[in-house]
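Residues per chain are reported as follows:
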Amino acid sequence: MVGIKPLSKIWLDGRFLDWEKAQIHILTHGLHYGYAIFEGIRSHGTAQGPAIFRLKEHLTRFENSAKIYRMALPYSHAQLTEVAKELVRVNGVTDSYLRPLAFSGYGEMGLDPTRSPISVAMALWEWGAYLGEQSAQQGVRVTVSNWTRIDSRALPPQAKCAANYANSALAKMQASAAGYDEAILLNASGMVAEGPGENVFRVKDGVLSTPPASSGILRGITRDSVIRFARDEGIPFQRTDFTREELFTADEVFFSGTAVGLTPIREVDGRPIGSGNYPVTHRLQKVYDDAIHGRDPRYRAWLTPAG
Ligand code: PPE
């Protein structure tokens, strides 16, 4: 396991601190009760320098997560936008993964988070291929988890809350221990929901599909990009629920997410998927790669230059 390489600065509660000084107290409320919301955003190199992909949409989702959890963010969208750009600049990195985080801080213990002050931080680090260097080309092997995906009646999946990731971690650890690269979780109705940190797409007879938001998923921003690419490229698309066995019989299955990008799934529980070629997935990967690197004018508006 490769650790995080320290960089120069982390932003915490309004200040850019030296990397190793960005620390919090052990009695930080959110650490004990999971009351924290976060985002994951990437910057990439473009001909005009580093640019952040879909920053606006990520910050909007951050604000929506805060709203769901009655968390008053003490910084505006415009302020957080400036922090993200400055963070890329001061750390001097082109390809980075940005992590905005808001949490109930040091103040009170006990279950009511509104009694503690809200802290907001943003860090970034260099994060390579989420599921391994070969994954984008060769695809990954997954298992359908016997952990059920969190249900919006218990823990709203559309809020990107730290607590959700305890469910993700259970599925992830189970998959890793069984020798798989990743898990896919079903929802309480037994339909495919998502991966622990990825949305799922399926291709069958030339039609691309992904479960609707009502299946109990995080509404991925990469998922949204893929849907737009499909429309622009004339690939038939539908939002529809599908079952575990419809994964087995698909022509292609892939993950989408900020960390994972677009990654083919080559096997589900010992069943090889399709013919082992991923023509639609590879075509969408290329559009995505061009979009994030500013090579496709159709998606320039999604880039925020950090310079
Ligand atoms: N579902 C879940 C549960 C999820 O966590 C993510 C992102 C997605 C779908 C895809 O969303 P988007 O990034 O907006 O396309 N998972 C983030 C966390 C990864 C981590 O391990 O940390 C990510 O990809 O940044």
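Worth saying up front: this structure is predicted, and the values here are computed from it rather than measured.

The rules behind each value
- Residues numbered from 1 in each chain as written.
- Predicted model: local features only at pLDDT ≥ 70, side-chain atom pairs only at ≥ 80, totals over all residues.
- Heavy atoms only, no water.
- Helix = DSSP H or I, 4+ residues; strand = E, 2+ residues; numbered from the N terminus.
- Rg over C-alpha atoms; globule rule 2.2 N^0.38 Å.
- Contact = heavy atoms within 4.5 Å.
- Areas by Shrake-Rupley, 256 points an atom, 1.4 Å probe, with all protein chains shown as cover.
- Lys, Arg positive; Asp, Glu negative; His and termini not counted.
- Charge placed at Lys NZ, Arg CZ, Asp CG, Glu CD.
- Phe/Tyr/Trp six-rings, centres within 6.5 Å; stacked < 30°, edge-to-face > 60°.
- Polar contact = N/O pair within 3.5 Å; in protein donor to acceptor, adjacent residues only side chain to side chain.

To continue, consider the overall build of the protein. Secondary structure summary: the protein contains 8 helices and 17 strands in total. Here the C-alpha atoms of the protein give a radius of gyration of 19 Å, agreeing with the 19 Å that 2.2 N^0.38 yields for 307 residues. When its C-alpha atoms are laid out on the principal axes, the protein stretches across 55 × 45 × 35 Å. Sequence separation of 24 or more characterises 70% of the internal contacts of the protein that already satisfy a separation of 6 or more. When the accessible surface of the protein is totalled, it reaches about 14,000 Å², and 52% of it is carbon and sulfur. When the 34 positive and 32 negative side-chain charges of the protein are each reduced to one mean point, those points stand 3 Å apart.

So, on to the packing of aromatic side chains. One pass over the full model with this rule turns up 13 aromatic pairs. Between Phe 38 and Tyr 165, the aromatic rings sit 5.0 Å apart at their centres with planes inclined by 55 degrees, giving tilted as the arrangement. Note that Phe 38 is positioned in strand S3 (residues 36–38) and Tyr 165 in helix H5 (residues 164–177), a separation of 127 residues in sequence. Consider the rings of Tyr 97 and Trp 125, whose centres lie 5.2 Å apart with planes at 45 degrees: the pair is tilted. Taken together, the residues span a long stretch of sequence, with Tyr 97 in strand S6 (residues 96–104) and Trp 125 in strand S7 (residues 118–125) at a distance of 28 residues.

This paragraph deals with the side chain of Ser 119. As for its placement among the helices and strands, Ser 119 is situated in strand S7. Among the polar contacts made by the side chain of Ser 119, one reaches the side chain of Asp 13 at a distance of 2.9 Å. Excluding residues within four positions of it along the chain, Ser 119 makes contact with Asp 13, Leu 101, Ala 102 and Phe 103.

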